[in-house]
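So the chains spell out like this:
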Amino acid sequence: MVSKHKNNKIMNSENKITYSELIEALKKDNGKICSSCTKHDYSSWSNITKDLDCELEVIGGVEESEKAIKKNGYTEYHPDETNYWSKDAPVALEFYPYHESSIRRCNTCNALFLSYIEHSGHLPQKRLRWIRKKLLYLR
Ligand SMILES: [Zn+2]
């Protein structure tokens, strides 16, 4: 369930971001178009480009993510008939795949993203989604 072989993931998990820190940090994103991160192209989960992968700073993991992974496994959270690919799907930090994601930041516009490695396909794919504050779901 948890990928153990990704070095950067092990490093990231050292630095845990609390929900309140995340909410504070999200206020710094004005939502305007940014040519560095092209965040509007990542309103839903998409494969990250190599360039963008280098560009976005990794700032850490979400607090209590191990607990959330244990509790919810691969369960997704979609109360309003959204699905994994929906642009308006809730960013539910305790649920798959958000609970196994790292938080990343664009240093140009301060937008925050989540990224994780998708293993269900033929080749692992690194997926990225821009976090919009209004979609954040916290218990
Ligand atoms: Zn940006």
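Reading guide: rules and limits
Residues numbered from 1 in each chain as written. Predicted model: local features only at pLDDT ≥ 70, side-chain atom pairs only at ≥ 80, totals over all residues. Helix = DSSP H or I, 4+ residues; strand = E, 2+ residues; numbered from the N terminus. Rg over C-alpha atoms; globule rule 2.2 N^0.38 Å. Buried ≥ 20, exposed ≤ 12 C-beta atoms within 10 Å, placed from the backbone. Pairing = 2+ DSSP bridges. Core = buried A, V, L, I, M, F, W, Y, C linked by C-beta atoms within 7 Å. Contact = placed C-beta atoms within 7 Å. pLDDT = per-residue confidence, 0-100.

Observations regarding the overall build of the protein chain
So, point 1. Along its length, the protein chain carries four helices and eight strands.
So, point 2. Counted from the first residue to the last, the protein chain has its helices and strands arranged as α-β-α-β-α-β-α-β-β-β-β-β.
So, point 3. Against the 2.2 N^0.38 benchmark of 14 Å for 139 residues, the protein chain shows a C-alpha radius of gyration of 14 Å, consistent with a compact globule.
So, point 4. The C-alpha extent of the protein chain, read off along each of the three principal axes, is 35 × 35 × 30 Å.

Examining the pairing of strand 6 (residues 112-118)
So, point 1. Across the seven residues that make up strand 6, a large majority, five, are buried.
So, point 2. In this sheet, strand 6 lies alongside strand 5 (residues 102-105) in antiparallel orientation, the contact comprising four bridges. Bridge pairing in strand 6 places Arg-104 opposite Phe-113.
So, point 3. With antiparallel pairing between neighbouring strands as the criterion, strand 5 and strand 6 make up a hairpin whose turn holds six residues, including Asn-110 at a positive phi of roughly 65°.
So, point 4. Here six bridges tie strand 6 to strand 7 (residues 125-130), and the two strands are oriented antiparallel to one another. The residue bridging Leu-114 from the neighbouring strand is Arg-129, located in strand 7.
So, point 5. Remark: six residues form the turn of the hairpin made by strand 6 and strand 7, two consecutive strands paired antiparallel.

Focus: the sheet that holds strand 6
So, point 1. Pairing is mixed in the open sheet, where six strands are placed in the order 1-3-5-6-7-2. Two strands lie at the open edges of the sheet, namely strand 1 (16-17) and strand 2 (46-47), each paired on one side alone.
So, point 2. When strand 2 meets strand 7, the two strands line up antiparallel, connected through two bridges. In the strand pairing of strand 7, Asn-47 is matched with Arg-127.

Here's the deal with the nonpolar core
So, point 1. Counting 23 residues, the largest nonpolar core has Tyr-98, Ile-103, Ala-111, Phe-113, Leu-114 and Ile-131 as its most contacted members.
So, point 2. Mapped onto this core, the elements with two or more residues apiece are strand 4 (91-92), strand 6 and strand 7.
So, point 3. Top contributing element to this core by residue count: strand 6, with four residues.
So, point 4. Those residues in contact with Leu-114 that lie beyond four places of it in its chain are Tyr-98, Ser-101, Ile-103, Arg-129 and Ile-131.

Description of the environment of Val-91
So, point 1. Following the sequence through the fold, Val-91 ends up in strand 4.
So, point 2. Under the C-beta neighbour-count criterion, Val-91 is labelled buried, with 22 such atoms within 10 Å.

Here we look at the confidence of the model for the protein chain
So, point 1. This prediction gives the protein chain a mean pLDDT of 91; 91% of its residues lie at or above 70.
So, point 2. Segment residues 1-13 is flagged for pLDDT under 50; beyond a separation of four residues in sequence, or across chains, it makes 15 contacts in the model.

Some remarks on unusual backbone geometry
So, point 1. In the segment running from Tyr-96 into Pro-97, the intervening peptide bond is cis, with an omega of -10°.
So, point 2. Along the polypeptide, Pro-97 turns up in the loop between strand 4 and strand 5.
So, point 3. For Glu-81, which is not glycine, the phi torsion reads 60° and is therefore positive.
So, point 4. Along the chain, Glu-81 falls in the loop between helix 4 (65-72) and strand 4.
So, point 5. One non-glycine residue, Asn-110, lies in positive phi territory at about 65°.

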